[in-house]
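Spelled out, the chains give:
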Number of protein chains: 2
Amino acid sequence: MKRVVIAGAGFAGLNAAKRLSRVRDVQVTLIDRENHHLFQPLLYQVAMAGLSPADIATPIRSLFTHAPNVRVLKEQALRVNLERACLITDHAEHAYDYLLLACGAQHAYFGHEEWEPYAPGLKNLSQATEIRRRVLEAFEAAEREPVPEQRRRYLTFVVVGGGPTGVELAGAIGEMSRYTLARDFRTIDPRQTRVMLIEAAPRILMGFDEDLAARAMRDLESLGVQVWTHARVTNISEEGVCVGTEDIAASTVLWAAGVRASPIAATLGVPLDKAGRVIVEPDFTIPGHREVFVAGDLAFAKDESGAPLPGIGAVAVQQGRFVGSAVLADLANRPRPTFHYHDKGQMATIGRARAIAEIYGHKLEGRFAWWMWLLVHIYFLSGFRNRLSVLVQWGWSYFTFGRGARLIVPKEWRAYDGGATTLAATQPPQSVQASPPLHSASVAGGEPVP
Amino acid sequence: MKRVVIAGAGFAGLNAAKRLSRVRDVQVTLIDRENHHLFQPLLYQVAMAGLSPADIATPIRSLFTHAPNVRVLKEQALRVNLERACLITDHAEHAYDYLLLACGAQHAYFGHEEWEPYAPGLKNLSQATEIRRRVLEAFEAAEREPVPEQRRRYLTFVVVGGGPTGVELAGAIGEMSRYTLARDFRTIDPRQTRVMLIEAAPRILMGFDEDLAARAMRDLESLGVQVWTHARVTNISEEGVCVGTEDIAASTVLWAAGVRASPIAATLGVPLDKAGRVIVEPDFTIPGHREVFVAGDLAFAKDESGAPLPGIGAVAVQQGRFVGSAVLADLANRPRPTFHYHDKGQMATIGRARAIAEIYGHKLEGRFAWWMWLLVHIYFLSGFRNRLSVLVQWGWSYFTFGRGARLIVPKEWRAYDGGATTLAATQPPQSVQASPPLHSASVAGGEPVP
């Protein structure tokens, strides 16, 4: 009985486990710190109140109900001990015959971690609901704010980073303010919302064809998004963002500029690239350890032509399946297969009915690309129920410009509010800050291309 | 132009605002500390992972898009100043010609507020997602727990209070463990879950007919729920619950035993009942102030026969409409109407296909009552989109025994986890407690009938 331990139930880990499920003589332990697999490509929709968290997340256990050889544990992987061949989590040690590390990436602030409280990134559901809370709260605060200057600050949204996530966030805020919220306020006009997309590189969407990126930029501008390229963020504080030497007063800043591999990569003691990813062999193992695989956003790998594989879901899916097959080959005493990356293309969506796509080398844009985007994403959502629920909600949003999940759920569980403080208060507070206490960083820095 | 200020967008406040929307010469300000109206009767479904928060909540603004005389503000009402005729919130003061206070109730621990961290109640969405997190985390913790005694503690769930909410929670946990989760774990058998419902009174569902309550009790027992009546909780701590002198080791305790009016009631300086509710006149005004109304769970009112009106949604809806009509009557110089409570009945559901109902005096039970319950609740859910989404999810759950929203979203927004502590850790922690730090209350008390 071979023990296969998989850390991380993202696209890579999940697909490896699926390939190995119901295989005789293999015992799979799938470990994740969350109880759900997350469909990351739609995470921005949760942040933008288009979908509910449960629509893009599936309980990991429920995917392996019929695979008795797969055990799912909600633990956080901390370190690998290569000599003793075990993975150490926050609850236990798991000895393995084969190990797959697929713990993904988190956002990086390029040495300015102090910016994080003011500019959350988007990697998990808590962050998505936090971003949703901040964006919707900003409109609420503007509605009750008597001082025009403060009101403008509440209605200014800055997205840092012009990759697909940044473009999708900025487009969604632009659309939400122009269509969804337009008639719901009495004091403010949400259409006067200022949305800015800040990118350090010469253009947005560097990973895409130049013509498509230009089209995406025009689409963003038609939603009222101001796109600044060649623009370096030098500071982020409670007051807003400093770009170069220019201060932008903004109550809501979102971070979509660059990621960093999970710190578990460093515990392997093998060479990492500058983003902290493990530089893997062509079969995704680490040097000298044919039993230890690294895949997904945690790995730095190249395709046959020597070009680095991009950090996208399709790559992780194919790597995960490959790792499963490699283990099966070993068990059957066959040589391991060779990995071929099957590049289907990439897409990004901008607002309600616009997208750009490169599919098998074909360039698509506008409404047709958006329908493609919709079909592809619904198809790949795991689990039938989610697909149906998402279809219902998108259909509804498309025809009504509504946003079903426009819900602010408070950051912390509201404990029993005894009422004593409430009754004791004699004066209403003067004004309230949605952001954390003042404590900002100064000057310096600038972020590389995401 | 008459200024009508409404505090609270629950069933009472919302219906009063609707009655007054698009009325010439009336300016309505609707104030709530949340941005959404909550369909409370289905809150337990969110706690039990059957529905998503957005399914039972509607943004208040979106309900008044086409009513330009209604302004919605997300502020928390703190106090009323009757002399100056203004409502004081955490952000501003609002002068009124008419005031409706409808801020509802919260749960009460009968002098044992120190129990609250160990036994959350169910009144808002944050509490519902917190309860969901605790219940699902308990199964996860049991799955990785090597010590049998600890595992039993994780798999013991105690619900305190045998009213409709307590019955629905206990039934849902019983059903979830027996059907939904049954095949998803490898170490534990979720069917060995112990669910207890503790009630101080001689029987559960005191508000219902005795035969129906007996049927509900049999239905609960068929789902494996142990019902203890005549049982007084004397202590709740991290370890579990003390009933009389008997200790029950349980990691998850839920509180459904009694409510208390919002503390704003006390700022009026008029007589309150022992649950802190305002004792109102037959037209729901307070003594000596025909311009100040109190309705919903914040009011203690009687019907024509002198019997107290129950604290349920139907009463609040009718009161809210009445208050709107009373204001309209004043404006038209007509005498105010007389309130007649139209009692349609009450229902409670137990698990997947069982319910009890009293409708216009008819007693219903079993599967037929459950279908009635389903129809009634879907009909009353505000907003078409939610109705459709809920239908899809319930349809799916009914035929698959699944639970769509089986999602643990961490309690707090996960900030940038720098990795330093992770890398520094040399030993995995021995075991982890899902509950807050040890700090429990001792002895005494016992709770009245909810």
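Note that the coordinates shown come from a computational prediction; the quantities given were computed from them, not determined experimentally. Sequence order sets the numbering: in each chain, residues are counted from 1 along the sequence as written. Chain labels run from A onward and ligand labels from 1 onward, assigned in the order the entries are written. Under the rules for a predicted model, residues below a pLDDT of 70 receive no local features and side-chain atom pairs below 80 are neither given nor counted, while totals for whole chains, interfaces and linings still include all residues. For the side-chain quantities, the full set of heavy atoms in the structure was used; hydrogens and water were omitted.

## Quick look at the overall build of chain A
Note on conventions: DSSP H or I runs of at least 4 residues are helices, E runs of at least 2 residues are strands, and numbering of each starts at the N terminus. Check the secondary structure of chain A and you find 10 helices and 25 strands. The buried label goes to any residue with under 20% of its type's maximum accessible area, the exposed label to any with over 50%, and the partly exposed label to all in between, with areas taken from a 1.4 Å probe on protein chains only. For chain A, the residues scored as buried account for 60% of the 450 residues in total. Sequence separation of 24 or more characterises 66% of the internal contacts of chain A that already satisfy a separation of 6 or more. Total accessible area computed for chain A in this model is approximately 17,800 Å², and 53% of it derives from carbon and sulfur atoms. Working rule for contacts: check all heavy atoms of both residues, and any pair within 4.5 Å makes them a contact. Under the convention used here, a 1.4 Å probe and the Shrake-Rupley method define accessible areas, while residue burial counts only the protein chains that appear.

## Describing the packing of aromatic side chains
All names here are of chain A. Classification of ring pairs uses Phe, Tyr and Trp, with its six-membered ring standing for Trp, and accepts pairs whose centres are within 6.5 Å; under 30 degrees between planes counts as stacked, over 60 as edge-to-face, and the remaining range as tilted. Summed over all chains, the structure comprises 20 aromatic pairs over all chains. Aromatic side chains Phe11 and Phe39 sit 5.8 Å apart centroid to centroid with 85° between the ring planes, which places their arrangement in the edge-to-face category. Of the two residues, Phe11 sits in helix H1 (residues 11-20) while Phe39 sits in the loop between strand S3 (36-38) and helix H2 (43-47), which places them 28 residues apart along the sequence. Across the pair, Phe39 and Phe11 agree in class, each one buried. An angle of 75° between the planes, with centres 4.8 Å apart, marks the rings of Phe284 and Phe339 as edge-to-face. Taken together, the residues Phe284 in the loop between strand S19 (278-279) and strand S20 (285-286) and Phe339 in the loop between helix H7 (313-331) and strand S23 (345-349) connect sequence positions 55 residues apart. In this pair, the class of Phe284 matches that of Phe339, namely buried. Taken together, the aromatic side chains of Tyr109, Phe110, Trp115 and Trp255 make up a single cluster linked through ring pairs. Stacked on the ring of Tyr154, the Lys or Arg Arg153 has its end atom at 5.8 Å from the ring centre. Put simply, a charge is over a ring when the Lys NZ or the Arg CZ is close to the ring centre, within 6 Å, and near the line of the ring normal, within 35 degrees.

## Some words on the pairing of strand S1 (residues 2-7) of chain A
On a regular strand, one side chain projects to one face of the sheet and the next to the other, so that they alternate. All names here are of chain A. Here, any two strands with at least 2 DSSP bridges between them count as paired. As defined by bridge partners, S1 adjoins strand S2 (residues 26-32) across six bridges and the pair is classed as parallel. What sits directly across from Arg3, in S2, is Gln27. Crossover handedness is defined by viewing with both strands directed away from the observer: a clockwise path from the first strand over the helix to the second marks the crossover as right-handed. Handedness of the S1-H1-S2 crossover: right-handed. The pairing of S1 with strand S9 (residues 98-101) spans four bridges and is parallel. For Val5, the partnering residue across the bridge sits in S9 and is Leu99.

## Digging into the sheet that holds strand S23 (residues 345-349) of chain B
Residues and elements named next belong to chain B. Taken in spatial order, the three strands line up as S23-S24-S25 in an open sheet, and their pairing is antiparallel. Looking at strand neighbours, the two that pair on one side only are S23 and strand S25 (362-365), the edges of this open sheet. With direction set aside, neighbouring strand axes in the sheet form an average angle of 10°. Sheet topology places S23 next to strand S24 (residues 355-359); five bridges connect them, and they run antiparallel. Considered in S24, the bridge of Met347 is made with Ala357. In this analysis an axis means a line fitted to C-alpha atoms, helices contributing only their contacting stretch, and an angle means the value between N-to-C directions, from 0 to 180 degrees.

## Some points on a positive patch on the surface
All names here are of chain A. Each patch is built from residues that are more than 30% exposed by relative accessible area and take part in no salt bridge. Like charges join if they lie within 9 Å; nonpolar side chains (Val, Leu, Ile, Met, Phe, Trp, Tyr) join within 5 Å. Any Lys or Arg side-chain nitrogen found within 4 Å of a carboxyl oxygen on Asp or Glu counts as a salt bridge. Counting rule for charge: Lys and Arg are taken as positive, Asp and Glu as negative, and neither His nor the chain ends is counted. To locate a charge, take atom NZ for lysine, CZ for arginine, CG for aspartate or CD for glutamate. On the surface, Lys18, Arg19, Arg321 and Lys344 cluster together into a positively charged patch. For Lys18, the location among the structural elements is in helix H1. Classification of Lys18 by relative accessible area gives partly exposed; the value is 41%.

## Points about the pattern of salt bridges
Applying the stated criterion across every chain, the model contains 34 salt bridges over all chains. A salt bridge links A:Arg61 to B:Glu140, with the nearest nitrogen and oxygen atoms 2.7 Å apart. In this pair, A:Arg61 is assigned in the loop between strand S4 (57-59) and strand S5 (70-74) and B:Glu140 in helix H3 (residues 125-144), connecting two distinct chains. Owing to a relative accessible area of 3%, A:Arg61 belongs among the buried residues under this scheme. Several salt bridges converge on common partners, so that one network encompasses A:Arg215, A:Asp219, A:Arg354 and A:Glu365.

## Observations concerning the packing of H1(A) against H7(A)
Residues and elements named next belong to chain A. At their nearest, the axes of H1 and H7 sit 7 Å apart, and the two run at 35° to each other. The chirality of how H1 crosses H7 is right-handed. Across from Phe11, Ala12, Asn15, Ala16, Arg19 and Leu20 in H1, the residues of H7 making contact are Gly313, Ala316, Val317, Gly320, Arg321, Gly324, Ser325, Val327 and Leu328. Each crossing gets its handedness from the near helix: less than a right angle anticlockwise from the far helix is left-handed, clockwise is right-handed.

## Some thoughts on the sheet that holds strand S21 (residues 289-294) of chain B
Residues and elements named next belong to chain B. Ordered in space as S5-S2-S1-S9-S21-S20, the six strands form an open sheet in which the pairing is mixed. Sheet topology places strand S5 (70-74) and strand S20 (285-286) at the edges, where each strand pairs with a single neighbour. As judged from the five bridges shared by strand S2 (residues 26-32) and S5, these two strands associate in the parallel manner. Each residue of the ladder has a partner; that of Asp32, found in S5, is Lys74. In this fold helix H1 (residues 11-20) packs onto strand S1 (2-7), S2, S5 and strand S9 (98-101), with an angle of close to 160° to the strand it touches most, S2.

## Quick look at the confidence of the model for chain A
Detailed reading of the predicted model is not advised wherever pLDDT is low. Along the chain, pLDDT gives the predictor's confidence residue by residue, from 0 to 100. Per-residue pLDDT for chain A has a mean of 86; in total, 85% of the residues score no lower than 70. Listed scores for the predicted complex are pTM 0.84 and ipTM 0.81.

## A few points about the nonpolar core
By convention a nonpolar core is built from buried Ala, Val, Leu, Ile, Met, Phe, Trp, Tyr and Cys residues, the set being connected through side-chain atoms within 4.5 Å. Membership of the largest hydrophobic core comes to 122 residues, with the highest contact counts inside it found for B:Met48, B:Leu87, B:Leu101 and B:Leu268. In terms of nonpolar packing, the next biggest core, distinct from the first, is built from 121 residues, A:Ala12, A:Ile31, A:Val323 and A:Ile408 among them.

## Some words on helix H6 (residues 210-222) of chain A
Residue and element names in this part refer to chain A. For H6, spanning 13 residues, the distance from its first C-alpha to its last is 19 Å, which sits close to the expected 18 Å at 1.5 Å a residue. Considered for burial, the residues of H6 that qualify are Leu212, Ala213, Arg215, Ala216, Asp219 and Leu220. The arc that holds every buried residue of H6, seen down its axis, measures 160°, which confines them to one face. Opposite the buried face of H6, by more than 90 degrees, sit the exposed residues Glu210, Asp211 and Arg218. Looking at the buried positions of H6, the neighbouring elements they touch are helix H5 (164-180), strand S12 (194-198), strand S13 (225-228), strand S24 (355-359), strand S25 (362-365) and helix H8 (366-380). What qualifies as a polar contact is a pair of N or O atoms within 3.5 Å, subject to a donor-acceptor requirement within protein and to the restriction that residues adjacent in sequence count only when both atoms come from side chains. Its side-chain oxygen placed 2.8 Å from the backbone nitrogen of Asp211, Asp209 serves as the N-cap of H6. Between the first and last residue of a helix there are one fewer steps than residues, each counted as 1.5 Å, and that sum is the expected span. It is the directions from the helix axis to the C-beta atoms whose arc is reported.

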